[in-house]
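# An overview of the molecular structure
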Amino acid sequence: MTAYRRFRDRVRIGPVQVATYYDGRGRDRHTAACTAPGCGFSADYRDRAGAELAARTHRCKT
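Attention here is on the structure that accompanies the text. Values in this document were obtained by computation on a predicted structure and should not be read as measured data.

Calculation rules
Residues numbered from 1 in each chain as written. Predicted model: local features only at pLDDT ≥ 70, side-chain atom pairs only at ≥ 80, totals over all residues. Heavy atoms only, no water. Phe/Tyr/Trp six-rings, centres within 6.5 Å; stacked < 30°, edge-to-face > 60°. Helix = DSSP H or I, 4+ residues; strand = E, 2+ residues; numbered from the N terminus. Buried < 20%, exposed > 50% of the residue type's maximum accessible area, 1.4 Å probe, protein only. Lys NZ or Arg CZ within 6 Å of the ring centre and 35° of its normal. Salt bridge = Lys/Arg side-chain N within 4 Å of Asp/Glu carboxyl O.

This paragraph deals with the packing of aromatic side chains. Enumeration according to the criterion identifies one aromatic pair in this entry. Judged by centre distance (5.6 Å) and plane angle (75°), the ring pair of Phe7 and Tyr21 falls under edge-to-face. With Phe7 in the segment before β1 (8-13) and Tyr21 in strand β2 (residues 16-22), this residue pair connects regions lying 14 residues apart in the sequence. Accessibility expressed as a relative area gives 39% for Phe7, which makes it partly exposed. The positively charged end of Arg8 is found above the aromatic ring belonging to Tyr22, 4.4 Å away from the centroid.

To continue, consider the pattern of salt bridges. Applying the stated criterion to the full structure yields six salt bridges. Salt-bridge contacts for Asp9 lead to Arg8; the nearest nitrogen and oxygen are separated by 3.5 Å.

Shape descriptors only; they carry no functional weight alone.
Here you go:
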C-alpha cells in the first residue's frame, strides 16, 4: 500500500524542495528532496530546520 501525502508549505532551496506533511499518525513531518535528474536524494525529518539545513548543504553528485 502506498502512502498518500499532501504536501504544504513548500519552498525551493536550489535544486532541493522542502515541504511539510502529516504522517499516518497525524504528526507534522518535513521532507527534503532533490529535483535534479539522476540525483535521487530525499530524506524525512522531525523538524523544519533539519530539512532546510539538509537542503542548503546538499551537493548533487551528477
